[in-house]
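Summary of the model geometry
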Amino acid sequence: MEGTRHNQHHVDDDDGGEDQCQWRLYEAYNELHALAQDLHTPFDAPAVLVVGHQSDGKSALVEALMGFQFNHVGGGTKTRRPITLHMKYDPNSHSPSCFLVSDSDPSLSHHKSLPEIQAYIEAENERLERDSCQFSAKEIIIRVEYKYCPNLTIIDTPGLIAPAPGRKNRALQAHARAVESLVRAKMQHKEFIILCLEDCSDWSNATTRRVVMQIDPELSRTVIVSTKLDTRIPQFARPSDVEVFLSPPACTLDGCILGDSPFFTSVPSGRVGSGSDSVYRFNDEFKQAVCFREIEDVSSLEEKLGRSLSKQERNRIGVSKLRLFLEEMLKQRYINNVPLIIPLLEKEYRSATRKLSDINQELSSLDEVKLKEKGRTFNDLFLTKLSLLLKGTVVAPPDKFGETLQDERTNGGAFVGADGVQIPHKLIPNAGMRLYGGAQYHRAMAEFRFVVGGIKCPPITREEIVNACGVEDIHDGTNYSRTACVIAVAKARDTFEPFLHQLGSRLLHILKRLLPISVYLLQKDGEYLSGHEVFLRRVASAFNNFAESTEKSCHEKCLEDLVSTTRYVSWSLHNKSRAGLRQFLDSFGGTEHSNVNNNPTATTLPQTIPQEKEDTRPQPDVKLSHLASGTDSSTSIQTTETKLADLLDSTLWNRRLAPSSERIVYGLVQQIFHGIREYFLVSTELKYNCFLLMPIVDKLPALLREDLESAFEDDLDNIFDITNLQNSLGQQKRDMEIELKRVFRNSCDMVFVEIRRLKEKFRMIHEQLILHLAI
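This structure is a prediction, so every number in the text was calculated from the model and none was measured.

This part takes up the overall build of the chain. The helix and strand inventory of the chain stands at 26 helices and 9 strands. Going through the 775 residues of the chain one by one, you find that 45% of them count as buried. For the chain, the exposed area adds up to about 40000 Å²; of that, 53% sits on carbon and sulfur atoms.

In structure tokens, the structure reads:
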């Protein structure tokens, strides 16, 4: 007997030592977690997500695991909002200290007693029960500080619903889909351990597993728990039924569940409180009842089986065994996380010390000579990046800085004619590619050539031709060559001038985009002047002003060219050769002669309607050379003279617009319009390349340097904002030093000492835990 007591005392000491190691582990992990929070590198504590159907006993099991009651439990649907409990180990808190996080402001939390927490949850459930949606995905968040809990998050979810089919159950079916969607979204978090509750006697009925395995098909992060064991045991008639229930065949439970086998729990009914309907006065009585229920379940199972339970079977029966399993798993996760977290903290420390060193270096360089040199160096580096972007580079990520043609049109303007129609962007090469710099400039110019080069002469009406004829200052005859020129230059000016404005706007947009991309390249290469915002704004303003003024000057040159081209028509410009023009006019001459032969009264009766019938149908072309090829020379001369007389009668002396005259005017307008178009295309592209693109390369460097030197001479202090910069850097230095000292309660050089202390602490705890497990 005495030996038994001694052995029991030894076991208790071992359990006490193991518990002490476990609390020390939580304490060390809590220190590590707090250190990570202070260094702004927080990480998630392990979390257990409880999933089950209505009335499976989820909330009651959570309370039993926690060791105190706080929830609204009972039949039907009681949990209508997810309840997240952030457990935090606090060695000085001998009773649960609860804080309810504000729904409107998560940064605020209010201290509440357990009865107040329970009342709040019940009120929320009753409110949602009256609401049309019935459930809410917004979590009730409670922070709990307690001596007897690890750093752990437990999430209690609304119970899954299995509604009956039929139209009359549509509302319940909709609620079931909403709850399942909510629970599935929670299970998507890979770091969560899923506690899958099954309230059944036959493992082939995978009610909750059906939902869980949609997210975790192998059940690799799922613990299966059979609840309400105390009500299940009386249902078994034979020991073999109990055997199958406690050790289900491998084919029944698919996957590799955590723990290799289900757990079996019972939670006694009854609430904690001082009312007449309360069963327990204190939470300690509730915890004791949970322990007694576990002992009774083991006894009942052994009685049904007619044998004692094995150690393996006992380790899966009862809330305490489930809690122990979860704690062991969390403990392993704590230990596994340490090698990942501490290097992260060390990296954060190195980053903080580097920032502090940079601040000290920046403070030491705030004198005039060094600032001027830094400004000149930055200027040269900025120009280098600009040149690199124009020549072509892949350093800047296209997904961040590139623009497709559609983006470019939206941001920089599209090439749109008078009809308002845009050319489909797919017709332009590389339209779908995200370009910047020189490549984007080239694509925009190619689109300009494609759009403008495909423009046809706008339609010409008979009214426009007649109005353009007018009256000469010395005779009242018609001059159709002048008429054609008047129409052609007017339509060319109206057609091409909008494209000139659109091209300037587009190219200016592309050039201005070079500035943020150059800044990115400078930052990427560590060549950016951080903290000198006034100086950087000065450089940016100088570049943008130069780009705008240069584009304006180039635009004026192009507009001057367009004005000169549409003010005076040079036939040599619009006709590639005299032969071409002669062939063009011969065709109309032959047509007119043909009309005269067919209508001999045309010259004598020019005003009669039948002879001047306005027929616009195409006529056969007869050339002057063919008319003059007869054997009789006198006949040929007579025919030519008659033709010329008829031509003069229909063009010079006659104000009725004959089809031949209309065709001549239209042909001449087309010829002149297309000549202006070709000249406009060539001259505009050449001028924008010479007077917009090239100045960025050869004039901008000198202008920026001149502007920089002028600023240095006039007001260096304001350019670099030296006074404010000194104050700002000094404040940053003080804040950084105070922060590091606050975190480590010592000098900044003690950071690594603190981190390495935690490393050593975890190593010692790990060794002690292994030692106790071996014993």
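With that out of the way, let us pick up unusual backbone geometry. Even without being a glycine, Leu 219 presents a positive backbone phi close to 55°. Along the chain, Leu 219 falls in the loop between helix 5 (209-215) and strand 8 (222-226). Positive phi is not limited to glycine here, since Asn 430 has a value of about 65°. With respect to the secondary-structure elements, Asn 430 resides in the loop between helix 13 (405-412) and helix 14 (437-453). For Asn 430, a relative accessible area of 43% gives the class partly exposed.

In regular strands, side chains alternate between the two faces of the sheet. Within strand 3 (residues 97-101), 5 of the 5 residues are buried, which leaves the element mostly enclosed by the surrounding structure. Two strands pair when backbone bridges link them, and strand 3 and strand 5 (residues 140-146) are joined in this way by 4 bridges, in the antiparallel orientation. For Ser 97, the partnering residue across the bridge sits in strand 5 and is Glu 145. Here strand 3 runs beside strand 4 (residues 109-112); their pairing, made up of 4 bridges, is antiparallel. The partner of Phe 99 across the bridge, within strand 4, is His 111.

The next point concerns helix 14. In a regular helix each residue adds 1.5 Å, so 17 residues correspond to 24 Å; helix 14 covers 24 Å between its end C-alpha atoms and thus fits that length. Of the residues making up helix 14, those classed as buried are Gly 437, Gly 438, Gln 440, Tyr 441, Arg 443, Ala 444, Met 445, Glu 447, Phe 448, Val 451 and Val 452.

As a further point, take the sheet that holds strand 3. Read across the sheet, 9 strands follow the order 4-3-5-2-6-1-7-8-9 without closing on themselves; strand pairing throughout is mixed. Sheet topology places strand 4 and strand 9 (263-264) at the edges, where each strand pairs with a single neighbour. Bridging between strand 1 (residues 47-51) and strand 7 (residues 192-198) involves 5 bridges; their strand directions are parallel. Bridge pairing in strand 7 links Val 51 to Cys 196. Relative to strand 6 (residues 152-156), helix 2 (residues 58-66) is tilted by about 160°, and along the sheet it contacts strand 1, strand 2 (83-89), strand 5, strand 6, strand 7 and strand 8.

Turning to the confidence of the model for the chain, a few remarks are in order. Averaged over all residues, the pLDDT of the chain is 76; the fraction at 70 or higher stands at 68%. The model gives residues 577-581 a pLDDT under 50, and that stretch makes 1 contact with residues more than four places away or in other chains. For residues 742-751, every residue scores under 50 in pLDDT, and the model assigns this stretch 15 contacts once sequence neighbours within four places are set aside.

Soluble, globular proteins show a tendency: their nonpolar side chains are buried together. Core analysis: the biggest nonpolar cluster contains 70 residues, and Phe 382, Phe 448, Phe 496, Leu 507 and Tyr 688 have the highest contact counts within it. Among the elements of the structure, helix 11 (368-391), helix 14, helix 15 (462-469), helix 16 (480-512), helix 17 (514-524), helix 18 (533-565), helix 23 (659-698) and helix 24 (700-720) are those that each provide at least two residues to this core. Considering every element that reaches this core, the biggest residue donor is helix 16, with 14 residues. Here Leu 507 is in contact with Tyr 441, Ala 444, Met 445, Tyr 688 and Leu 692, once residues within four sequence places are set aside. Grouped together as the second largest cluster of nonpolar side chains are 40 residues, Tyr 146, Leu 195, Leu 197 and Leu 322 included.

Before going further, it helps to examine the side chain of Glu 447. In this fold, Glu 447 is placed in helix 14. Looking at Glu 447, the relative accessible area reads 0%, which means it is buried. Contacts of Glu 447, omitting those with residues within four sequence positions, involve Leu 405, Arg 409, Phe 415, Ile 428 and Arg 506.

It is worth spelling out the packing of helix 14 against helix 23 at this point. Remark: helix 14 packs on helix 23, axes separated minimally by 10 Å, with the N-to-C direction vectors making an angle of 165°. In this view, helix 14 runs roughly antiparallel relative to helix 23, as classed from their interaxial angle. Helix 23 is crossed by helix 14, and the crossing has right-handed handedness. Contacts between helix 14 and helix 23 involve Tyr 441, Met 445, Phe 448, Arg 449, Val 452 and Gly 453 on the former and, on the latter, Arg 677, Phe 680, Leu 681, Thr 684, Glu 685, Tyr 688, Asn 689 and Leu 693. Its residues assigned to classes, the contact of helix 14 with helix 23 comprises 8 nonpolar, 3 polar and 3 charged.

Once that is clear, we can look at the packing of helix 13 against helix 16. At their nearest, the axes of helix 13 and helix 16 sit 9 Å apart, and the two run at 105° to each other. Overall, the two elements helix 13 and helix 16 adopt an arrangement that is roughly perpendicular. Facing helix 13, whose interface residues are Leu 405, Glu 408, Arg 409, Asn 411 and Gly 412, helix 16 presents Ser 505, Arg 506, His 509 and Ile 510. Each residue belonging to the contact of helix 13 with helix 16 can be placed in one class, and the counts come to 2 nonpolar, 4 polar and 3 charged.

Here the focus is the pairing of strand 1. Burial analysis of strand 1 places 5 of its 5 residues in the buried class, the great majority of the element. Residues of strand 1 alternate between two faces, with Ala 47, Leu 49 and Val 51 on one and Val 48 and Val 50 on the opposite face, all of them buried. Pairing analysis gives 4 bridges linking strand 1 to strand 6, with the strands arranged parallel. In the strand pairing of strand 6, Leu 49 is matched with Ile 155.

According to the stated counting rule, one finds 13 aromatic pairs in the structure shown. Judged by centre distance (5.0 Å) and plane angle (45°), the ring pair of Phe 263 and Phe 325 falls under tilted. With Phe 263 in strand 9 and Phe 325 in helix 10 (residues 319-364), this residue pair connects regions lying 62 residues apart in the sequence. Relative accessible area serves as the criterion here: at 2%, Phe 263 is assigned to the buried category. Every member of this aromatic cluster is reached through a ring pair, and the members are Phe 415, Phe 448, Phe 496, Phe 673 and Phe 680. Positioned over the ring face of Phe 135 is Arg 80, at 5.2 Å from the centre of the ring. Lying across the ring of Phe 691, Lys 557 places its NZ or CZ 5.0 Å from the centre.

In this section: the side chain of Thr 566. Counting through the fold element by element, Thr 566 comes out in the loop between helix 18 and helix 19 (571-574). At 2.7 Å, the side chain of Thr 566 and the backbone oxygen of Leu 562 are in polar contact. When sequence neighbours within four positions are dropped, the list of residues in contact with Thr 566 reads Val 489, Ala 492, Arg 493 and Ile 676.

Counting across every chain of the model gives 30 salt bridges. Of the charged contacts in the structure, one is a salt bridge between Glu 63 and Arg 271, with a shortest N-O distance of 2.9 Å. One end of the pair, Glu 63, is in helix 2; the other, Arg 271, is in the loop between strand 9 and helix 8 (283-305), and 208 residues separate them in sequence. A salt bridge links Lys 228 to Asp 199, with the shortest nitrogen-to-oxygen separation between them at 3.7 Å. Of the two residues, Lys 228 sits in the loop between strand 8 and helix 6 (229-232) while Asp 199 sits in the loop between strand 7 and helix 5, which places them 29 residues apart along the sequence.

Okay, the environment of Asp 241 next. Relative to the helices and strands, Asp 241 is located in helix 7 (residues 239-246). Residues Asp 241 and Lys 304, 63 residues apart in the sequence, show an inter-C-alpha distance of 9.6 Å.

Here we come to the state of the cysteines. Counted according to the given criterion, the structure contains 0 disulfides. Left unpaired, Cys 196 is separated from the closest cysteine sulfur, that of Cys 200, by 9.4 Å.

Calculation rules
Residues numbered from 1 in each chain as written. Predicted model: local features only at pLDDT ≥ 70, side-chain atom pairs only at ≥ 80, totals over all residues. Heavy atoms only, no water. Helix = DSSP H or I, 4+ residues; strand = E, 2+ residues; numbered from the N terminus. Buried < 20%, exposed > 50% of the residue type's maximum accessible area, 1.4 Å probe, protein only. Areas by Shrake-Rupley, 256 points an atom, 1.4 Å probe, with all protein chains shown as cover. Pairing = 2+ DSSP bridges. Expected span 1.5 Å × (residues − 1). Contact = heavy atoms within 4.5 Å. Axes fitted to C-alpha atoms, helices over the stretch in contact; angles between N-to-C directions. pLDDT = per-residue confidence, 0-100. Core = buried A, V, L, I, M, F, W, Y, C linked by side-chain atoms within 4.5 Å. Parallel < 35°, antiparallel > 145°, perpendicular 65-115°, else oblique. Left-handed = near helix turned anticlockwise from the far one by under 90°. Nonpolar A, V, L, I, M, F, W, Y, C, P; charged D, E, K, R; others polar. Phe/Tyr/Trp six-rings, centres within 6.5 Å; stacked < 30°, edge-to-face > 60°. Lys NZ or Arg CZ within 6 Å of the ring centre and 35° of its normal. Polar contact = N/O pair within 3.5 Å; in protein donor to acceptor, adjacent residues only side chain to side chain. Salt bridge = Lys/Arg side-chain N within 4 Å of Asp/Glu carboxyl O. Disulfide = S-S within 2.5 Å.

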